[in-house]
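Below, each chain spelled out in residue letters.
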Amino acid sequence: MNIFIEYSLFIYFLPLLAFLVNIFFGKRLPRHGDWVSIGAVLITLALSMAMFAGMLFSYDPDFRVESSFTWISLGDFVIQLGFLVDNITITMLLVVALISSMSHIFSIKYMEGDPLYSRYYAYLSLFTFSMNGIVLSNNLMLLYMSWELVGLSSCLLIGFWFAKKSAADAGMKAFMTNRVGDIGFFIGIMLLFTAIGSVSYSDIFSGVANGKITGTLLTFAGVGLFFGAMGKSSQFPLHIWLPDAMEGPTPVSALMHAATMVAAGVFMMVRLFPIISPDALVFVAYIGGFTALFASTIAITQNDIKKVLAYSTVSQLGYMIMSVGTGAYVAAFFHLVTHAMFKANLFYGSGSVIHAMHHALHKKHDHETDPQDMRNMGGFKEKMPITYWSMLVSTFAIAGVPFFSGFLSKDAILAGSLSFANHHPEHFLLPVFGFGAALLTAFYMFRLIYMTFHNEPQMPELIEEIHESPKEMTFPLVLLATLSFFIFYTLPYFNPFSDHGWFTYVIEAKTSLVHGAPSAHAIAEGIHHSHLPAMIISLLVAGLGILLAWQMYLKRKLSAERYANKFSTLHRLSLNKFYVDELYERFIYTPVLKLAGKIAFLDWDLYDKYVVDGFGKFTEWFADLIGKMDYDGLDQGIVDGTGRSANRLGDILRNLQTGQLQNYILFALFGVILIVIIQTMV
Amino acid sequence: MVSNILSWLIWLPVAGMVAILLIPRNKEEVIKIVAAVSTGLQLWLAIMLWLNFDSASGSFQFMENVAWIPSFNISYALGVDGLSLPMIILTPLLSFLCIFVSWKIDRGVKGYFALFLLLDTGMIGVFLALDFFLFFVFWELMLLPMYFLIGMWGGPQREYAAIKFFLYTLVGSVLMLIAILALYFTCGNTFSIPELIEAAPGALEGSIWWGMSAIKVIWILLFVGFAIKIPVFPFHTWLPLAHVEAPTAVSVILAGVLLKMGIYGILRINYPMLPDAVFWFAGALAVLGLINVIWGAMCALAQTDLKKLVAYSSINHMGFAMLGMAAVIAASGLHGENYIAAQAGITGAVFQMFNHGTISAMLFILVGVIYDRAHHRDIDGFGGLARQMPVYAGVTMVAFMAGLGLPGLSGFISEFMCFMGAFPVFRVIVIISTLGIVLNAAYFLSAYKRIFFGELNEKYSGLSEIDGRELFTLIPLAVITLILGVYPGPFLNMIKETMSVLIDQVVLIGNFAVIP
Amino acid sequence: MDQLHNYLLIASVLFSLGLFAVITRRNAVAVLMGVELILNSANLNFLAFSRFGGMNFNGHIFALFVIIMAAAEAAVALAIIINLYNNYQSINVDEAGQLKR
């Protein structure tokens, strides 16, 4: 067996083992078993790094190892499961393992003293296991299964503090929203399976290339699969679960709801890009572009530090999705990787801030103040220098400032959308979405930094108690902040303005297998041409965004309140997330529940009670009727009637029966006389 | 290997019943132990049968055949194949576990366990009988103890529920009896199922009864008879009532075994004997499956009684199996000889049948556990139990997740196969019924959330954790669900040959030319 | 004088008297006596027809039979009347109506 497959097996099954150990024995183990999960994930990280090193040494864009076994075989119906290890897999594995290890380490202190500490680590391991399944799978079946398991572990971790109703609700919402997306995914799988008869990527790819499924059907299959991605990557209109998911512990948010799980949708689209038809890709691009802009307009008014980051994540995921839609799927994957680093870091940073706030509030016996509300912060810069500087680095990265990773990947995406609009002028909205979102991103990220760390403290009585977080928590911050610099992605080159480097070499764009789709070369050419204008515009908008934030929240030259009042409708819409949740509530949840109630009523109180029991009642009534007819009519009327009439006749006749012999003889005499008279008359 | 193993399987519980009847009324422990031993032995026999079963063959094995009433060609014929084997394993397993589920029964212990063992015999007999008359006898035999078990040990509305169940099923039985007699007289005066499978398609061809093809008439009679058991909408309303009113163990048997008899009957009798009608009816079957899926899920979503929710989930789950069954016609020339879909669908249906047996059994046992403690089943009446009863919450999580079809648990694979199979033929129906997946998740999760999450209801801060006996009844089922969910290969290998034979019987013998 | 119709006339008078007694008398003994008269009128008819009808001795034999039967009947009837008297302290036939009620 290939060494890569062997490593993959370890990477896949170790977290599962850790999950089983922790869920059953975690409580009884020393340190409540956190070392089991951490050990497993660190070994995973080591193996991923080994694989990564192997990939860099071979430096081969076509590197690819595959291995499967027969899972179900019914003769003709065969399903094979297996692993596919190529450069995308290895890169993604490293990202997952890295962020996952950071979360495991971060959680040691963050979750300290929680009564369900071992359960928490078990769930984290379950997540790592299922996420690795998504990454390693070489077929849609294992992908779908891991997909759902990721949904489950996310649901469990979001609802980890289940005693809080909002947390439990958020967990359920996440699972349900993902399930809605998964329906589309499932239908997509069924369409492909029906046409091709296999679930493995390679069979599907060659099937599409051979034209076994084409045209509208293929578009439907692509859109169906994309629905899965929409659910997982929280694209509009299925984005509603991600902001609520912030009810979970912050390391979980960093791991799943910023870096890995939500990126699974993008990962899938990257994986399956060659079989998505151009028509489906347009749909993908619009959904992604719209989500990018839409979410960032919400993020600019949120006051909860995690909510800002959550909407920022939705927006960035929209970027990636849009990029896949415009054909620049390598750029999408690139952004996935860089975003994973800096966004996870931002979440850890916010976690560190919240942790500090929480402890400070706890010391002051203040249980009213919301430790996540940025309006209660300010001036933390001196108190938490490591957190501040690492978050600042990541903010530069996400805002698209040169010398940071985000600049490169975002630029590639914007170039992609610009080139797409060049080729198809009717889709001019896509770059508008992209640049608009870039502007807002820079704005709200710096707003977050200024509100949290700069200015004078909003709660001066608290500031004394704010302390830098322990090493377990600052270590991930420093590491990930370091990884937000451009250099790690452009080696062996040092040009901070070009994404040219190892990444773009090993992850080579493949031409779509769908007939009529533009070749990878044509797309790359277009991106190359759009590179410079895209860079200039993006620098301009990022600068403008930062400037605005600086003026509004640091210098206070422009009053945020005044603008809020001026555009009060827009402000209210943004603050209330465009009322999407309310719309769902109004037009989906409530009607469905009402309908369910109606159906249940129909089923039980009408159908069963009147129709089914009605049959019984009718039978009873009918039997009664027949019984009446039988007794009153036949028996009493006719049968007994004969007897009764005889009786009545007897009653009349008995009067003759005087009981006196002489009378009888007299009658006899009369009779004789009568006979004689009749005789004589005849 | 025991000789005449099938007869042993059938009559062991009766032996146990006789033994119980001989034990004095007040020795309750002894009665329970005898019941446990006899079902335990039966389970052991079933496992022996499974180990000795030749899964490479698709025909009947371990056949026994003794003339019973020779003047009517009735014989005592038994046999097992890949279709009945899963149920032969499931039935003793559930019976054995149910003895422990009902360990706390406090009145009429002797009668309860005696009837329970009689019920066991009836169920096993239905799955093993290869003679139509014998089949019918066991079918009816099973009805009687069920009636008394619901009617005497059930909940507040038990008499109403028992009568309703009895009448409903009896209507089905009557229709079935007519069909049996019709087959007997038209197909060479025989009750033997293998002979009828050979003879019926030819003998019935072309005959018209009351302006309708005889094939259709017999199909409808048999189908309604079995549909009431499945239960297919609109014959389903006995089920929530009977499930809710029955004692826990009886609910388990009802959901775990009795519902399967409908599907088993259709696959055993309707499909091979009336292949022509399969083509005629497959569309309707798929539509009925869709209705079951959506209707069951919607009704479950609206329930506040946990047991009723689980009962409606059964209706929902059986819908998936019906979709899978309808997929068999994919293998015909009309649909491009798509054997992949046909195999997926019909094997998925049988697999779903087995999985629903284990999963719904788990669900009902879990409902029983909480009812024994809180004395009510109102979903909104709990809250925050996850902290009070963490083990119970964990096991319930596994069961609910299995119920909503989470990958890694067996329910997912069978639902998936049913969908995959039905999709090429009934595309729109399957797409609509995938909504059931979401609704499924909605009702299970919201119930879970309302019972286990949130603040702990003060009233239940004294609730005791699930005990060893209850865990003993749940863990085997959970383990089976998990193993089959991860690696269904062995199970599917066991049934696949029989399913191939069945598909061929339908699509090769069946003539999909329009029958009048 | 020695004519058939004279005999028949006397017999019919006797019969009518007997019938009258049976119908009208309340006393059981009187009723019995009426019955005797009827029987004797029948005897007279037998004998008359025996003498004028050429019937040899058949009529005599019948008459003898009737006389014997009448004796037996009188014995039975008197026993009934005594029982009647024992039960009702009366031999009035009107009072013996128990069967009717």
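What counts, and at which threshold
- Within every chain, residues take consecutive numbers counted from 1 along the sequence as written.
- Both sets of labels track the order of writing: A upward for chains, 1 upward for ligands.
- For this predicted model, a pLDDT threshold of at least 70 governs which residues receive local features, and a threshold of 80 or more governs which side-chain atom pairs are given and counted, while totals over whole chains, interfaces and linings are taken from all residues.
- Hydrogens and waters are ignored; side-chain quantities use all the structure's heavy atoms.
- Contacts between residues were defined by any pair of non-hydrogen atoms, one from each residue, lying within 4.5 Å.
- Here, a salt bridge means any side-chain nitrogen of Lys or Arg that lies within 4 Å of a carboxyl oxygen of Asp or Glu.
- The definition of a polar contact used here is a pair of N or O atoms within 3.5 Å, where within protein one atom must be able to donate a hydrogen and the other to accept one, and adjacent residues in sequence count solely through side-chain atom pairs.
- Helix and strand definitions follow DSSP, with helices as H or I runs of at least four residues and strands as E runs of at least two, each counted in order from the N terminus.
- When residues are sorted by character, Ala, Val, Leu, Ile, Met, Phe, Trp, Tyr, Cys and Pro go into the nonpolar class, Asp, Glu, Lys and Arg into the charged class, and all the rest, Gly among them, into the polar class.
- Only buried residues count toward a nonpolar core, which is a set of Ala, Val, Leu, Ile, Met, Phe, Trp, Tyr and Cys residues joined through side-chain atoms within 4.5 Å.
- Relative accessibility under 20% of the residue-type maximum defines a buried residue, over 50% an exposed one, and the middle range a partly exposed one, all with a 1.4 Å probe and only protein chains included.
- Buried area: the accessible surface (1.4 Å probe) lost by two parts on joining, summed over both.
- Here an angle of 0 to 180 degrees is reported between the N-to-C directions of two axes, which are lines fitted to C-alpha atoms, with helices fitted over the stretch in contact.
- For classification purposes, angles smaller than 35 degrees are called roughly parallel, those larger than 145 roughly antiparallel, those between 65 and 115 roughly perpendicular, and all remaining angles oblique.
- Expected helix span is computed as 1.5 Å times (number of residues minus one).

## Considering the interface of chain A and chain B
At the interface, 53 residues of chain A touch 65 residues of chain B. Here chain A is connected to chain B by three salt bridges. The salt bridge partner of lysine 164 of chain B is aspartate 608 of chain A, with a shortest N-O separation of 2.6 Å. Run the count over chain A and chain B and you get 19 residue pairs in polar contact (both at pLDDT 80 or more). Taken together, the elements giving at least two residues each to the side of chain A that touches chain B come down to β1 (64-73), α5 (140-158), α6 (165-196) and α25 (580-654) of chain A. With 15 residues, α6 of chain A is the single largest residue contributor to the side of chain A that touches chain B. Partitioned by chemical class, the residues of the side of chain A that touches chain B number 40 nonpolar, five polar and eight charged.

## Quick word on the nonpolar core
Of all hydrophobic cores here, the largest spans 444 residues; its most connected members are Phe132 and Tyr271 of chain B. If sequence neighbours within four positions are ignored, phenylalanine 132 of chain B has contacts with Ile180, Leu183, Phe191, Ile193, Leu196, Leu222, Ile269 and Met273 of chain B.

## Some words on the interface of chain C and chain A
Taken together, the contact pairs nine residues of chain C with eight residues of chain A. Around 740 Å² of area is buried between chain C and chain A when both sides are counted, 59% of it from carbon and sulfur atoms. At the junction of chain C and chain A, the tally comes to zero salt bridges. In this structure, the connection of chain C to chain A is made through zero residue pairs in polar contact (both at pLDDT 80 or more). For the side of chain C that touches chain A, the element with the most residues is helix α1 (residues 4-24) of chain C, which contributes three residues. Looking at the side of chain C that touches chain A residue by residue, the class counts come to five nonpolar, no polar and four charged.

## A word on the packing of helix α9 (residues 238-245) of chain B against helix α10 (residues 248-273) of chain B
Residues and elements named next belong to chain B. Interaxial distance between α9 and α10 falls to 8 Å at its minimum, and their mutual angle equals 140°. One element, α9, and the other, α10, form an angle in the oblique class. Seen from α9, the contacting residues are Trp238, Leu239, Ala242 and His243; seen from α10, they are Ser251, Leu254, Ala255 and Leu259. Residues belonging to the contact of α9 with α10 are distributed by class as follows: six nonpolar, two polar and no charged.

## Points about helix α5 (residues 132-153) of chain B
Given 3.6 residues per turn, any residue in an α-helix points the same way as the ones three and four places further on. Taking 1.5 Å per residue as the helical rise, α5 of chain B with its 22 residues ought to reach 32 Å, and the 32 Å between its terminal C-alpha atoms agrees with that figure. N-capping of α5 of chain B is provided by aspartate 131 of chain B, with a side-chain oxygen placed 2.9 Å from the backbone N of phenylalanine 133 of chain B.

## Notes on the pattern of salt bridges
Following the criterion strictly, the structure yields 19 salt bridges over all chains and no others. A salt bridge links aspartate 34 of chain A to arginine 31 of chain A, with the shortest nitrogen-to-oxygen separation between them at 2.7 Å. Here arginine 31 of chain A falls in the exposed class, since its relative accessible area comes to 53%. For arginine 469 of chain B, the salt bridge is made with glutamate 470 of chain B, and the minimal N-O distance between the two is 3.9 Å. As far as burial versus exposure is concerned, arginine 469 of chain B and glutamate 470 of chain B are alike and both buried.

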